[in-house]
Every structure is written in structure tokens, then in C-alpha cells.
Amino acid sequence: MKTALNIITLTLLVSSPGVIGYAETTMSKPREIAQATNQQAQPLPVALPDTALVWQKPGGSISGQLTALSEQGLTISQNNFSETLPLDEVNRIEFQEEVWIRNRQGQRVRRKVRSEDSSTRRPQVWQGVPIGAFQLQNPETASLRLGTVLSREDLQDILSISRDSIYVVNAIEFEFDLSGLTMTIKATPIDR
């Protein structure tokens, strides 16, 4: 009996540090997960050029300014005329012309979008972006949540670039797959 009690006591003493260490590790994980989740939920501000060329599926195109984009469709406006198209009738949107951005002093400036003005950074292509991750704020700007489609490291890189640059959307392509409607977005960072 005394031997059994000694074995139980010894077992408890040996296993206690492991149990305490496990509890400490488990207690710290929610904080790490919350920090990673907050970072992945951080929106990326993007700029949209003035002119959007919308390529329709049956062929043909329409151009104007993108004024609405949701799961229901998109709206293109030009000269006091608006047309709304369901997204299942749209292949892609290509953006052209000039873009309004905020420079480093916070002033709103107009920039011509040309490849030689884009800086030395290459365009980024983000695939599988859910339509709900793109929030059009006005015809010139949107916010994009990429936490579900990029690794934490890639998202950190993109957010760090966005401190000195603004991503300008070049194109959006719509795709229907098993998970529903997603987008492939091509954007190029330009210096502010």
C-alpha cells in the first residue's frame, strides 16, 4: 500500500510541470489566434481608375465608371446614365485612364495610370477572392479583405507595401466554381 502511494505521489510530481506547461501554452494560444485574425481582417485600401471597361459574356462591352458592385451585380455609370448587369453576364472588368489617390501629404491628386508610372513593383494577382471581400466605398476607392485567400506572411507584405503606396486595381475577373462566385483581382502598387 505504501509503495502504491509513493508511486502515485512520484507520478504527480513528475507530470505536474507538463500539465502546467500545457495549460500555459493553451492559455496563450487564443491571444495569438486573435492577433492573427485581426491582422487577416485588416482591409487593404485600393484605388479604382475612372474608366471601367466591362466585358460581357455574350460578347460586347460597356464602359463608364464603376458605381456599385455586389453579389447581385454591378452598375456602370456614364453621363447621367446607369446600367446594372448581373454578375453571371460579366466576364471581367478592365480599368483604364486616370485614378485619384491621396499623396503622402494627404492631398487628393490625379495620376495617369501608365506602366512606366507604376513604380518598380510588379502587379499582384489575388485569386479566389470572395465577392463580399470587395467593398466599394465610392467610385474611386474600395477596401479589400484578403485574409481568407492569402497566407499571413503574404498579407503582411502587401499591407507593408500599402503604407507608402496605393494598390490600383487593373482588372477584376469573375469566376463561378463549386464555392460560388469568386474574383481574380490584378492590382499594381504605385507610389503616393
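Keep in mind it's a predicted model, so treat the numbers as computed, not measured.

## What to know about the overall build of the chain
Across its full length, the chain carries two helices and 13 strands. Classification of the 192 residues of the chain by burial places 32% in the buried group. Relative to all contacts within the chain whose residues are 6 or more apart in sequence, the contacts with residues 24 or more apart total 61%. A total accessible area of about 11,800 Å² is found for the chain, and carbon and sulfur atoms account for 52% of it.

## Notes on the side chain of Thr184
Among the structural elements, Thr184 can be located in strand S13 (residues 180–191). Of the residues examined, Thr184 reaches a relative accessible area of 13% and is grouped as buried. Within the local environment of Thr184, its side chain forms a polar contact with the side chain of Glu175, the two groups lying 2.6 Å apart. Residues in contact with Thr184, not counting those within four places in the same chain, are Val125, Trp126, Gln127, Gly128, Ala171, Ile172, Glu173 and Glu175.

## Structural notes on the confidence of the model for the chain
In this model, the chain carries a mean pLDDT of 81, and residues with pLDDT of at least 70 account for 75%. A low-confidence stretch, residues 22–38 stays under pLDDT 50, and its non-local contacts, those more than four residues away or across chains, total one contact.

## Looking at the pairing of strand S8 (residues 108–112)
Bridge analysis of strand S7 (residues 98–102) against S8 gives five bridges, and the strand direction is antiparallel. In the strand pairing of S8, Glu98 is matched with Lys112. Linking two consecutive strands that pair antiparallel, namely S7 and S8, is a turn of five residues; a positive phi of about 85° is found at Gly106 within it.

## So, the environment of Leu181
Tracing the sequence through the fold places Leu181 in strand S13. Sequence separation between Leu181 and Asp88 is 93 residues, and the spatial gap between their C-alpha atoms is 8.9 Å. Beyond its immediate chain neighbours, meaning those up to four positions away, Leu181 contacts Leu87, Pro130, Ile131, Phe174, Glu175 and Phe176.

Thresholds applied
- Numbers given to residues run from 1 along each chain, matching the order in which its sequence is written.
- Local features are withheld for residues below a pLDDT of 70 in this predicted model, meaning they are given only at 70 or higher, and side-chain atom pairs are given and counted only at 80 or more; totals for whole chains, interfaces and linings count all residues.
- Only heavy atoms go into the side-chain values, all of them from the structure, while hydrogens and water stay out.
- Helix and strand assignments follow DSSP, with helices taken as H or I runs no shorter than four residues and strands as E runs no shorter than two, numbered in order from the N terminus.
- A simple rule labels every residue: compare its accessible area, found with a 1.4 Å probe on the protein chains alone, to the largest value its type can have, and call it buried under 20%, exposed over 50%, or partly exposed in between.
- Should any heavy atoms of two residues lie within 4.5 Å, those residues are counted as being in contact.
- Accessible surface area values rest on a Shrake-Rupley calculation with a 1.4 Å probe, where residue burial reflects the displayed protein chains alone.
- Under this definition, polar contacts are N or O atom pairs within 3.5 Å; protein pairs additionally need one hydrogen-donor-capable and one acceptor-capable atom, and for neighbouring residues in sequence, both atoms have to be side-chain atoms.
- The predictor attaches a confidence to each residue, called pLDDT, with possible values from 0 through 100.
- Any two strands with at least two DSSP-identified bridges between them are counted as paired.

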